[in-house]
Amino acid sequence: MKRNFLVFLIVLSVIFSMGLATTYVVGTSADFPPFEYVQNGKYVGFDMDLINAIAKTEGFNVQIRDMAFDSLIPALKAGVIDIAIAGMTITKERQKVVDFSNPYWFADQDVIVGKNSKYTVTVLFGNHKIGVQTGTTGDLWVTNNLVKAGILKETGVKRYQSFIYALQALLNGAIDAVVLDSPVAERFAQVKPVKVVAILITGESYGIAVRKGNTALLNKLNDGLKKVKSSGKMSKLIDKYFGK
Ligand code: GLN
């Protein structure tokens, strides 16, 4: 009897706290392991755990919405989502339209090719096909440094909505290489028949994005980020997703 009452109290308090807390819609692009990916039908990864940990310390609920990476900023602007967390690089261009939290991760760009391929970094030059995800910093790097420089033809850039498709194209030989963020390239090299043949030092920082001027939410994210770090939770997440 006493036990039933206790269960009743717990259920009541959960319902109560859920009712009071705000729910923010969090946009992501779940093709980016170990930051966000789908496992057993669930959105998992470093970013997913991080936003949940921040939500817990700051007392809000989250609801995840998966979409193409290049839809995230338009979705923020349109109010379809409140937060975007997707290994998103803080860039000057993006800062004109959204606000970013303090950085929580650092990355460069890697060039990956098939595991048994003879390609080296020179795959970037000449008559090759390079895959990127539309609107990413990898896309920007290839466009600015190869296409605009006349090193690679515009038709040599193959843009995909998702890295899943870019990887499939690489594995079935439709393209010769993919340019993507270094931590994700390294993860793919561990779990798929691909290898890293070059690192392009771009010095990127990842931030969590909110609608421009949504300072109240931005402050919560920065405060949560600070607390997740100082409580040791951040180190646990790093071990969980990047530990050997
Ligand atoms: N960091 C890269 C960018 O911001 C790629 C992010 C992604 O594909 N999820 O453009």
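Let us look at the structure shown here.

**Quick word on the overall build of the protein chain**
Link 1 in the chain: Scanning the protein chain from N- to C-terminus turns up nine helices and twelve strands.
Link 2 in the chain: Across its three principal directions, the C-alpha atoms of the protein chain cover 75 × 40 × 30 Å.
Link 3 in the chain: Counting only residues that meet the buried cut, the protein chain has 49% of its 244 residues in that class.
Link 4 in the chain: Relative to all contacts within the protein chain whose residues are 6 or more apart in sequence, the contacts with residues 24 or more apart total 75%.
Link 5 in the chain: Carbon and sulfur atoms form 57% of the exposed surface of the protein chain, whose accessible area is close to 12,500 Å².

**A short note on the sheet that holds strand 7 (residues 105-114)**
Link 1 in the chain: Across the sheet, five strands lie side by side as 9-8-10-7-11; this open sheet has mixed pairing. The open sheet has two edge strands with one neighbour each: strand 9 (157-160) and strand 11 (194-206). Going from strand to strand, the sheet's axes swing by 25° on average, the running direction of each strand aside.
Link 2 in the chain: Against the sheet, helix 5 (residues 137-147) contacts strand 7, strand 8 (130-133), strand 9, strand 10 (177-181) and strand 11, and its axis sits at roughly 140° relative to strand 8.
Link 3 in the chain: Relative to the sheet, helix 7 (residues 182-191) contacts strand 7, strand 10 and strand 11, its axis offset from that of strand 7 by approximately 45°.

**Digging into the nonpolar core**
Link 1 in the chain: Formed by 42 residues in total, the largest nonpolar core has its most connected members in Phe46, Leu50, Ile83, Tyr104 and Leu221.
Link 2 in the chain: A per-element tally of this core places helix 2 (residues 46-58) first, with seven residues.

**Thoughts on the environment of serine 231**
Link 1 in the chain: Locating serine 231 in the fold gives a position in the loop between helix 8 (215-230) and helix 9 (233-242).
Link 2 in the chain: Judged by relative accessible area, which is 55%, serine 231 ranks as exposed.
Link 3 in the chain: Here lysine 233 takes part through its backbone nitrogen, which lies 3.3 Å from a polar atom of the side chain of serine 231.

Each value, and the rule that gives it
Residues numbered from 1 in each chain as written. Predicted model: local features only at pLDDT ≥ 70, side-chain atom pairs only at ≥ 80, totals over all residues. Heavy atoms only, no water. Helix = DSSP H or I, 4+ residues; strand = E, 2+ residues; numbered from the N terminus. Buried < 20%, exposed > 50% of the residue type's maximum accessible area, 1.4 Å probe, protein only. Contact = heavy atoms within 4.5 Å. Areas by Shrake-Rupley, 256 points an atom, 1.4 Å probe, with all protein chains shown as cover. Pairing = 2+ DSSP bridges. Axes fitted to C-alpha atoms, helices over the stretch in contact; angles between N-to-C directions. Core = buried A, V, L, I, M, F, W, Y, C linked by side-chain atoms within 4.5 Å. Polar contact = N/O pair within 3.5 Å; in protein donor to acceptor, adjacent residues only side chain to side chain.

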